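The lines below spell out each chain.
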Amino acid sequence: MPSTLPPTPGLRRRMACWLYEGLLLFGVVFIAGYLFGTLSQTRNAMDNRHALQAFLFVVFGIYFTWFWSKGQTLAMKTWHIRVTDKSGQALSQSRALLRYLLSWLWFLPPLAVIAPFQLPAGETTVLMLGWIAVWALLSRLHPQRQFLHDALAGTRLVHDAQGEARARHKRRKADGLA
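Residues numbered from 1 in each chain as written. Predicted model: local features only at pLDDT ≥ 70, side-chain atom pairs only at ≥ 80, totals over all residues. Heavy atoms only, no water.

Asks: Explain the layout of surface pockets to me, using residue names and the numbers behind them.
Replies: Roughly 1100 Å³ of internal volume is contained in the largest pocket. At the level of secondary structure, the elements contributing two or more residues to the lining of the largest pocket comprise helix 1 (11–40), helix 2 (49–70), helix 4 (93–103), helix 5 (108–114) and helix 6 (121–137). No other element matches helix 1, which puts 10 residues into the lining of the largest pocket. Among the residues making up the lining of the largest pocket, the classes are represented as 23 nonpolar, 5 polar and 3 charged. Looking at the second largest pocket, its volume works out to about 180 Å³. Looking at the second largest pocket, it is lined by 16 residues, and the ones nearest its centre are P6, R82, T84, G88 and V158. Every element with two or more residues in the lining of the second largest pocket is listed here: strand 1 (81–85), strand 2 (155–159) and helix 8 (161–174). Here the element with the most residues in the lining of the second largest pocket is strand 1; it accounts for 3 residues. Residue composition of the lining of the second largest pocket, grouped by class: 6 nonpolar, 7 polar and 3 charged. (1 Å grid on protein atoms, 1.4 Å probe; cavity = no way out; pocket = protein on both sides within 12 Å on 5 of 7 lines; lining within 4 Å. Points joined across faces, edges and corners; volume = space filled by probe spheres on them. Helix = DSSP H or I, 4+ residues; strand = E, 2+ residues; numbered from the N terminus. Nonpolar A, V, L, I, M, F, W, Y, C, P; charged D, E, K, R; others polar.)

Written out as structure tokens, the structure reads:
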């Protein structure tokens, strides 16, 4: 691996970005859910539930594929993280889509284990959060500290030093220091 590649952001920064991404996705879910409900004329939240889930899966796929092929989502921009391929180049849409599909490894294994047991919401939450913590900590075993889905997709999360410098310059300019 060439030494010119930017460093991998720390696990705390990546997980903070992940949480912020989840927060921003509430807006995407709201708009997509409203659009789905309006177009399908769904009157009850439980009607068309599986179709709504499939629709959201596709909407999330479009969202992440689009932004990752541009280099970063809004949350990644805020936390100065970029996604690149192994050589440091921008992702193609097909590689971004592969990364999206593989990123479901964050959720699908525990959901598949939990599903037959009909566990209460609290226990399900604890098991999901435990899996997410283990999954995140496993990145420490990778030589470049990448998550497993990034390694499988041939992608890397890197620190966006140029974006951080631009943000710092804007703050200084706004404060009248530049």
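Asks: Got a sec to walk through the pairing of strand 2? Specific residues and values, please.
Replies: For strand 2, a buried count of 5 out of 5 residues is recorded, marking the element as mostly surrounded by other parts of the structure. One ladder, built from 5 bridges, connects strand 1 with strand 2; its direction is antiparallel. Following the sheet pairing, T84 is matched in strand 2 by R156. (Buried < 20%, exposed > 50% of the residue type's maximum accessible area, 1.4 Å probe, protein only. Pairing = 2+ DSSP bridges.)

Asks: An account of the side chain of S139 is requested, with residue identities and associated values reported.
Replies: Following the sequence through the fold, S139 ends up in the loop between helix 6 and helix 7 (148–153). Exposure remark for S139: the relative accessible area of 1% places this residue in the buried category. In this structure the side chain of S139 is engaged in a polar contact, spanning 2.7 Å, whose partner is the backbone oxygen of A136. Leaving out residues up to four positions away in the same chain, S139 has contacts with L11, R14, R145, Q146 and F147. (Polar contact = N/O pair within 3.5 Å; in protein donor to acceptor, adjacent residues only side chain to side chain. Contact = heavy atoms within 4.5 Å.)

Asks: Tell me about the pattern of salt bridges, and name the residues and values.
Replies: As a working rule, side chains carrying opposite charge can pair if their charged atoms are close by. Enumeration over the complete set of coordinates arrives at 2 salt bridges. A salt bridge links D160 to R82; the shortest N-O distance between them is 3.9 Å. Of this pair, D160 sits in the loop between strand 2 and helix 8 while R82 sits in strand 1, and the two are 78 residues apart along the sequence. One salt bridge connects D150 with R99, and the closest N-O pair in it is separated by 2.5 Å. Placement of the pair is D150 in helix 7 and R99 in helix 4, with a sequence separation of 51 residues. (Salt bridge = Lys/Arg side-chain N within 4 Å of Asp/Glu carboxyl O.)

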